[in-house]
Amino acid sequence: MKELFFILLVTSSYSLLCLYPIFFKNSLILKKLNLSTQDLIILNILLLCNSLLILCLLNLKISSAIIIIQFFYVFLIFLIFRVIKIDQTLKKFLPYFLFTFLGLIIAIDIANNLTLYWDAKKLWLPKTLIFFNDLDLSELQNTGYPHYSFFGSIIWSFFWKLSHMEEEYFGRIFFAIIFCLSIFSFSRLFGDNFIKKNFVFLFIVILIYDYWHFRGTQEILNFSFLLICSIYFYEIIYKKKQLLSKLFIIFLGINLLIWTKNEGIIISTIVIFLLTIFMKKKLFFKTTLLLVFAIMVFLRFKIYNYYGINVSLSEDFDFKNLFTIFFSNLNFNNIEIILKYLAISSLKFPHIALSFICGFIILFDKKLFFKSLFIYLYLVLSLSTIIFIYLSSPQNIEFMVSTGLMRIFFEMSSPYLLFILVLFENKIETVKISN
Amino acid sequence: MKKIINLNNFVILILVIFLIKFTSFFKDVYEISTKDHNLRQQLAYDYCDYSGEGYIFYIKKKYKLKNSPNIVNFKRTPSQNWIFGNYKQSKKNNKSIILFNLDENNNQRFDLKNFKVIDNYKNDCLFIEKL
């Protein structure tokens, strides 16, 4: 019973940590920045994650990072209660109750299921334990696969330690909160109707949620960060809201993608590439964006080098002979294996199947198709990347595909959800109006 | 007065109930409130069949182990020191957990000479101490 009480307490605290910007709604400074409450919630969590990453990259121990961040939040809470009346804030919090409740349902499921996946035990948990035990960053070199990105392990250990509990799953509860937050923010794009937004939120969570994603692997984090980036990607390209604040949020998300998994570097390259193509800005601006992204990737490798950690992108590939291997593997049989597993994955993850159906329907509306061309291009590039990755593998392709394709496909899949949004906005809403 | 129970609210309620059912929420709540974390870990993993993690959790609780003993696992698994909060094997420990000690012909793989057996599960999973 005591454990149950702590799960409730920890989940509510983590949710509150995400949602506290709702108290800031009336602030004049934020109004000037043209940010909605939803943007603030996202900005808050991305800033928290990025600050945590920077503190750890400065080789600060997790215990010290907790003290710094706790001190900052105590100061913030003091500020909030001086500025805002409590009766107002309670009313504001009510719409967010469902978010906290869903987080709790998932947290309870994690707390009882507990099983960790092989990769989580082999790759991610040892890294988490290094941070949890306040060891030096260079110690990562002594873990299996030291060249893998480690931000997921940082937040796992941070929230585990923050909970003051012995059990590791208290760190993983935050994965569930990030997952819920990304879908919650995405559902806000479906209009202003409170019921409609919550319906979409619940529907997508039901569609995607499976304990499979919370077994300690990091794909769910990349999926969530990419979904957050997709929201602003959509607003900039589809809604033509080209605000610097939205770009800033995308870059914060991309930085987390880069540091969470090595594939994140490839995914973020696709996002930045599409952003520069579809943004209606001058060449100088686009070049600056590319340069900032290049610096972020360069820093990732430079920091690894500084701490004596292996900088290789992946040890499963022979990069010197990448294209030779690719062309030797390029045959009908191998492509068939990859396509077969892509089809299986689409059925395993119903949100992908539903997105593809929506994407297929949009194809018949020429105007809408051209308007949402950036999503189709993302789809083509992401699928080509997956095919290229597996065809370039020097290992047995069927084994590689059967063990890893589903997870890569899942983490790349969040922008596909934009197909559902575009179709919903244009077709379903139009039918309703005409009736 | 606005109606609280309308079709929209009803649909949301149905979805919440579906999610609760889908995640076995009430069963999970019952399990968490009646079984401690260690016992749930033992049940989440196999006891002494595939990875032996359930047996390690059992030994950890029974002998109130704080530090990781030497873990010798004759099957291919990732390091199991995480169970004790360590990412690698601690160097000095005279206690060991031996997992899957019997080969396919029921012969012992680990030489138990100079060791005292503290816990024995079918001669296959053992908790031993150096004499």
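Check the entry above for the structure.
Draft legend 1. Looking closely at the sheet that holds strand E3 (residues 115-121) of chain B. Residues and elements named next belong to chain B. One open sheet accounts for four strands, arranged E1-E2-E4-E3; its pairing is mixed. Since the sheet does not close on itself, it has two edges, and those belong to strand E1 (70-73) and E3, each with one partner. Averaged over all adjacent pairs, the angle separating strand axes in this sheet is 20°, with direction ignored. Pairing analysis gives four bridges linking E1 to strand E2 (residues 95-99), with the strands arranged parallel. Along E2, the bridge assignment pairs Val 72 with Ile 98. In the packing of helix H4 (residues 53-62) onto the sheet, contacts are made with E1, E2, E3 and strand E4 (125-130), and the angle to E3 comes to roughly 115°.

Draft legend 2. Representation of a positive patch on the surface. Residue and element names in this part refer to chain A. A cluster of basic residues, Lys 240, Lys 280, Lys 367 and Lys 371, forms a positive patch on the protein surface. Its location among the elements puts Lys 371 in helix H18 (residues 366-371). Its relative accessible area of 44% is what places Lys 371 among the partly exposed residues.

Draft legend 3. Local environment of the interface of chain B and chain A. Facing 33 residues of chain B, the contacting portion of chain A comprises 38 residues. Across the chain B/chain A interface, buried area totals approximately 3,300 Å², and carbon plus sulfur atoms make up 73% of it. Scanning the region where chain B abuts chain A turns up two salt bridges. For Lys 121 of chain A, the salt bridge goes to Glu 53 of chain B, with nearest N and O atoms at 2.7 Å. Between chain B and chain A we count six residue pairs in polar contact (both at pLDDT 80 or more) in total. At 10 residues, helix H1 (residues 7-22) of chain B tops the list of elements feeding residues into the side of chain B that touches chain A. The class makeup of the residues in the side of chain B that touches chain A is 17 nonpolar, nine polar and seven charged.

Draft legend 4. Expanded view of the packing of aromatic side chains. Residue and element names in this part refer to chain A. Counted under the stated rule, the structure contains 54 aromatic pairs over all chains. Relative to Tyr 238, the ring of Tyr 234 lies with its centre 5.0 Å away and its plane at 15°, an arrangement referred to as stacked. By relative accessible area, which is 1% here, Tyr 234 ends up buried. The exposure class of Tyr 238 is buried, given its relative accessible area of 5%. Clustering of aromatic rings is evident, with ring pairs tying together Tyr 14, Phe 158, Phe 159 and Phe 174. The lysine or arginine in question, Arg 215, covers the ring of Tyr 117, its NZ or CZ lying 4.0 Å from the ring centre. Over the aromatic face of Tyr 238 sits the side chain of Lys 371, whose NZ or CZ is 4.5 Å from the ring centroid.

Draft legend 5. How the structure looks around the packing of helix H6 (residues 97-113) of chain A against helix H9 (residues 169-187) of chain A. Residue and element names in this part refer to chain A. Close contact between H6 and H9 brings their axes to 9 Å; oriented N to C, the two are set at 145°. Crossing of H6 over H9 shows right-handed handedness. Along its contact with H6, which presents Phe 99, Leu 102, Gly 103, Ile 106, Ala 107, Ile 110 and Ala 111, the element H9 presents Tyr 169, Arg 172, Ile 173, Ala 176, Ile 177, Phe 179, Cys 180, Leu 181 and Phe 184. Its residues assigned to classes, the contact of H6 with H9 shows 14 nonpolar, one polar and one charged.

Draft legend 6. How the structure looks around the pattern of salt bridges. This structure, assessed with the given rule, holds 17 salt bridges over all chains. As a salt-bridge pair, Arg 407 of chain A and Glu 219 of chain A come within 3.4 Å of each other at their nearest N and O atoms. Here Arg 407 of chain A, found in helix H20 (residues 397-412), pairs with Glu 219 of chain A, found in helix H11 (residues 219-237); they are 188 residues apart in sequence, far enough to count as distant. By relative accessible area, Arg 407 of chain A is classed as buried at 11%. On the basis of relative accessibility, which here comes to 4%, the residue Glu 219 of chain A falls in the buried class. Across the pair Lys 35 of chain B and Glu 31 of chain B runs a salt bridge whose closest N-O atoms are separated by 3.0 Å. For Lys 35 of chain B, a relative accessible area of 23% puts it in the partly exposed group. The buried category is assigned to Glu 31 of chain B, whose relative accessible area is 16%. If you follow the salt bridges from partner to partner, you end up with Asp 119, Glu 219, Lys 261, Glu 263, Arg 407 and Glu 411 of chain A in one network.

The rules behind each value
Residues numbered from 1 in each chain as written. Chains lettered and ligands numbered in written order. Predicted model: local features only at pLDDT ≥ 70, side-chain atom pairs only at ≥ 80, totals over all residues. Heavy atoms only, no water. Pairing = 2+ DSSP bridges. Helix = DSSP H or I, 4+ residues; strand = E, 2+ residues; numbered from the N terminus. Axes fitted to C-alpha atoms, helices over the stretch in contact; angles between N-to-C directions. Contact = heavy atoms within 4.5 Å. Patch = residues over 30% accessible without salt bridge, like charges linked within 9 Å, V, L, I, M, F, W, Y side chains within 5 Å. Areas by Shrake-Rupley, 256 points an atom, 1.4 Å probe, with all protein chains shown as cover. Salt bridge = Lys/Arg side-chain N within 4 Å of Asp/Glu carboxyl O. Lys, Arg positive; Asp, Glu negative; His and termini not counted. Charge placed at Lys NZ, Arg CZ, Asp CG, Glu CD. Buried < 20%, exposed > 50% of the residue type's maximum accessible area, 1.4 Å probe, protein only. Buried area = accessible area lost by both parts, 1.4 Å probe. Polar contact = N/O pair within 3.5 Å; in protein donor to acceptor, adjacent residues only side chain to side chain. Nonpolar A, V, L, I, M, F, W, Y, C, P; charged D, E, K, R; others polar. Phe/Tyr/Trp six-rings, centres within 6.5 Å; stacked < 30°, edge-to-face > 60°. Lys NZ or Arg CZ within 6 Å of the ring centre and 35° of its normal. Left-handed = near helix turned anticlockwise from the far one by under 90°.

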